[in-house]
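Observations on the three-dimensional arrangement
Residues per chain are reported as follows:
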Amino acid sequence: MEALLSLIVILPFLSATILGLSYLVDSKKNLSNTYYATIALTTPAIVTLLSFVLVFKMSTMPHDTPLYAHLFDWVKVGQLHIEMRFMLDRLSMIMIGFITFIGTLIHIYAVEYMQSDEGFGKFFAYFNFFLGSMLLLVVASNPIIMFIGWELVGLASYLLIGFYHKVSSNITAANKAFIVNRVGDFGFIVALGVLFIALEGQGFSFEAIEQGIGGLSHSTLSFVGALLFVGAMGKSAQIPLYVWLPDAMAGPTPVSALIHAATMVTAGVYMVARFGFLYNEIPHIGEFIAYIGAFSALIAALMASFERDIKKILAYSTMSQLGYMFIAVGLGAYGAGIFHLFTHAFFKALLFMGAGAVIIALHHEQDIFKMGNLRKVLPQTFIAMLIATLAITSIPPFAGFFSKEAIINHAFLSGHYTLWIIAMTTAFLTAYYMFRLIFVVFFAHSTKTYPHLIPLGKMIIYPLIVLAIGSATVGFLGIEHGFAHFVALPDRATPAPTHLLEYGLMGLNILVALGGIALAYRLFGTNPEPPKANIPIKALFIHKFYVDALYNRLFVDTLRSLSIFFDRVVDGAVIDGILGLLTGGYKDLGAKLASFQNGTVKTYATYVILSVSLMSLALIYLLEAQ
Amino acid sequence: MLSPDKFLFVAVMMFAIGLIGLMLRRNLFVVYLSIELMLSSVNLILATFSRMHGEMDGGVVSLLMIAVIAAEAAIFLALIIYIYRITKSVDSQSITQLTHKRDEA
């Protein structure tokens, strides 16, 4: 079993290497897409099978005996002992289960989506690499290895977001994602450093940290917890480090699906859940996390409500749903947070793949207000998208209902009523903007026809169907907190609700969602109008609260003017200036001295006499001084 | 007895006239005369101090100098004639071969 666990991580990296090398060697494009697709699809399929085998074997074992796979000792210097060792407990088991499964479906989908792209082989090399990095992050048994996976995920996302590298704005988006993530990673690595020093060499695997933190001071733990969360903010796109997420839509749609569903953005939530034992010691930092999550959820929902680009709407909805997850993990409901992560992976992958299908059918059109009536033209896509949308708006019995309800109820029961109100508002907005998308894209303009539609292939439709079934059913795993009990994370207890209260909250959730749908239908059901910035508050939403402009002003412009300052003033004026003064000074001095040699005897005579006079005067003064 | 001040005054005047002549005049003969004048003033000073201190050292040196000046005069005049042959002038400004030339630098 240890070998299986290692293989899960090693195989994707191996096939990424093979694909990458083939692509590099094959400069004349002799290798067919089939060759690349075979390798690229076999690996995730095998990895999925392996992870399912592990899941079934592990499910029967008690939850406190994780499986370890020791590969090698990486660093062993004094107190610093870092093993390349993988750990499979209930949490990482759930993670690898859905990462590999959904990752495989996205791979299948991508084969058709990227069919005509000339960088086909390169794309799948990156794709397998992305999957491998995420798996490494998830099964790491110590934070250092986790951090390696964390960074590799960032690198892979950079490569994939900038995949259409011929358009310079895509490169900017990729750079933005990478740089913003770097800010978060800085927090993460500093937190790890502080934690390592504070633990004084008691070992640095997760279980050793769990045993060791009891002896640490409250302030150290708060510091570490807050900084770790800065890392999560970057990866999981929370305020204030969310700005890269909408721009990351520059990548191909399968990339968006992979980033938003199975990999990357889930890393932050996973990391907080992984460090749940630490956050349980510092509930005030947890509350801070929950508030950041709540505000991110609300603001993302507001921005999504006024967005026109189909992929960006989904990007904001991801940010919003991640906000829910952070409310959960911040308030100590790790099981509920991971459950929402799990269900979200299904319906968000489905939404992105549906959106990708629409985009590719309409020749890369992304503005929803140029679509309409697609229900009749793309019926399978419509049904899949509708199921996913019902799931995200938490209409029972679809998946999102169970997971989101668990989070919202936890906020209410643990007495955080502000958070609860924000979460409810966001739920309303979620229903509104998601059904706005559905109505505008699939219902409105009921007479519109599409003569040049590109037909969708089987490899696009089948993954949609599988995910649609998943989105409709995986929620049942969460009935009676079954999922949370199974994951067995150190949840903080809340007072148990009465049955009346429980049903009341459930009914309220459904009512709020239905209200959002009704509002979306009223405004966009038949004849939708694109958002106009006719009143200031709407302009504020449409321009994303001017956050990008603010960041540009604050950070980009400052840095740019600083580098211009260094280029022109420090380098140009000061350093070159000093050198110029030295060389130019010698030249000028030489020219000035040379002019003394003018060939005129009279002048020379004057020099001689002046010099002799001066020497005589000096002599006289010296003699007098004696 | 005449006071040495008067001799020194005459010597300084001679030196000053020679100096001014050296610096202002362009004719090489006049320049030469000015130099001779300055040399003579120095001779006079030497002789004066020699007499003042009642020793003969200065007088001896000035006699030697007169001999040197005579030899120098021969060389100087020969040089002037030679310069005249090259430049067809006895103007000191016409000899500028040793000037630093900017564009050659």
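Here, the structure is the one placed above.
Residues numbered from 1 in each chain as written. Chains lettered and ligands numbered in written order. Predicted model: local features only at pLDDT ≥ 70, side-chain atom pairs only at ≥ 80, totals over all residues. Heavy atoms only, no water.

1. Here's the deal with the overall build of chain A
Check the secondary structure of chain A and you find 25 helices and 2 strands. Taken along its principal axes, the extent of the C-alpha atoms in chain A is 115 × 65 × 55 Å. Relative to its full complement of 626 residues, chain A shows a buried share of 55%. Put simply, of all contacts in chain A between residues at least 6 apart along the chain, 81% involve residues at least 24 apart. Approximately 26000 Å² of chain A is accessible, and the part contributed by carbon and sulfur atoms is 70%. (Helix = DSSP H or I, 4+ residues; strand = E, 2+ residues; numbered from the N terminus. Buried < 20%, exposed > 50% of the residue type's maximum accessible area, 1.4 Å probe, protein only. Contact = heavy atoms within 4.5 Å. Areas by Shrake-Rupley, 256 points an atom, 1.4 Å probe, with all protein chains shown as cover.)

2. Observations regarding the side chain of serine 394 of chain A
As for its placement among the helices and strands, serine 394 of chain A is situated in the loop between helix 17 (379-392) and helix 18 (399-413). In this structure serine 394 of chain A touches Gly400, Phe401, Lys404 and Ala513 of chain A, once residues within four positions along its chain are discounted.

3. A few points about a nonpolar patch on the surface
Residue and element names in this part refer to chain A. A cluster of nonpolar side chains, contributed by Leu559, Leu562, Phe565, Phe566, Val569, Val574, Ile575, Ile578, Leu579, Leu582 and Tyr586, occupies part of the molecular surface with about 1100 Å² of accessible area. By the secondary structure assignment, phenylalanine 565 is in helix 24 (residues 547-594). Looking at phenylalanine 565, the relative accessible area reads 40%, which means it is partly exposed. (Patch = residues over 30% accessible without salt bridge, like charges linked within 9 Å, V, L, I, M, F, W, Y side chains within 5 Å. Salt bridge = Lys/Arg side-chain N within 4 Å of Asp/Glu carboxyl O.)

4. With respect to the interface of chain B and chain A
With 15 residues of chain B at the contact, the number on the chain A side is 13 residues. Roughly 1100 Å² is buried in total at the junction of chain B and chain A, and carbon and sulfur atoms are behind 62% of that figure. Where chain B meets chain A, there are 0 salt bridges. Between the two partners, chain B and chain A, sit 0 residue pairs in polar contact (both at pLDDT 80 or more). For the side of chain B that touches chain A, the element with the most residues is helix 1 (residues 4-24) of chain B, which contributes 4 residues. Taken together, the residues of the side of chain B that touches chain A sort by class into 7 nonpolar, 5 polar and 3 charged. (Buried area = accessible area lost by both parts, 1.4 Å probe. Polar contact = N/O pair within 3.5 Å; in protein donor to acceptor, adjacent residues only side chain to side chain. Nonpolar A, V, L, I, M, F, W, Y, C, P; charged D, E, K, R; others polar.)

5. Quick look at the packing of aromatic side chains
Residue and element names in this part refer to chain A. Evaluated as defined, the whole model comprises 38 aromatic pairs over all chains. Ring centres 5.8 Å apart and planes at 65° place the aromatic pair phenylalanine 13 and phenylalanine 129 in the edge-to-face group. In this pair, phenylalanine 13 is assigned in helix 1 (residues 2-25) and phenylalanine 129 in helix 4 (residues 120-139), connecting sequence segments 116 residues apart. For phenylalanine 129, a relative accessible area of 17% puts it in the buried group. Taking the centre distance of 5.6 Å and the plane angle of 65° together, the rings of phenylalanine 439 and phenylalanine 443 count as edge-to-face. Separated by 4 residues within a single helix, phenylalanine 439 and phenylalanine 443 lie in helix 19 (residues 417-443), roughly one turn from each other. Overall, the relative accessible area of 25% leaves phenylalanine 443 in the partly exposed class. Taken together through their ring pairs, the aromatic side chains of Phe120, Phe123, Phe124, Tyr126, Phe127, Phe163 and Tyr164 make up a single cluster. A cation sits over an aromatic face here: arginine 274 above phenylalanine 206, 5.4 Å from the ring centre. (Phe/Tyr/Trp six-rings, centres within 6.5 Å; stacked < 30°, edge-to-face > 60°. Lys NZ or Arg CZ within 6 Å of the ring centre and 35° of its normal.)

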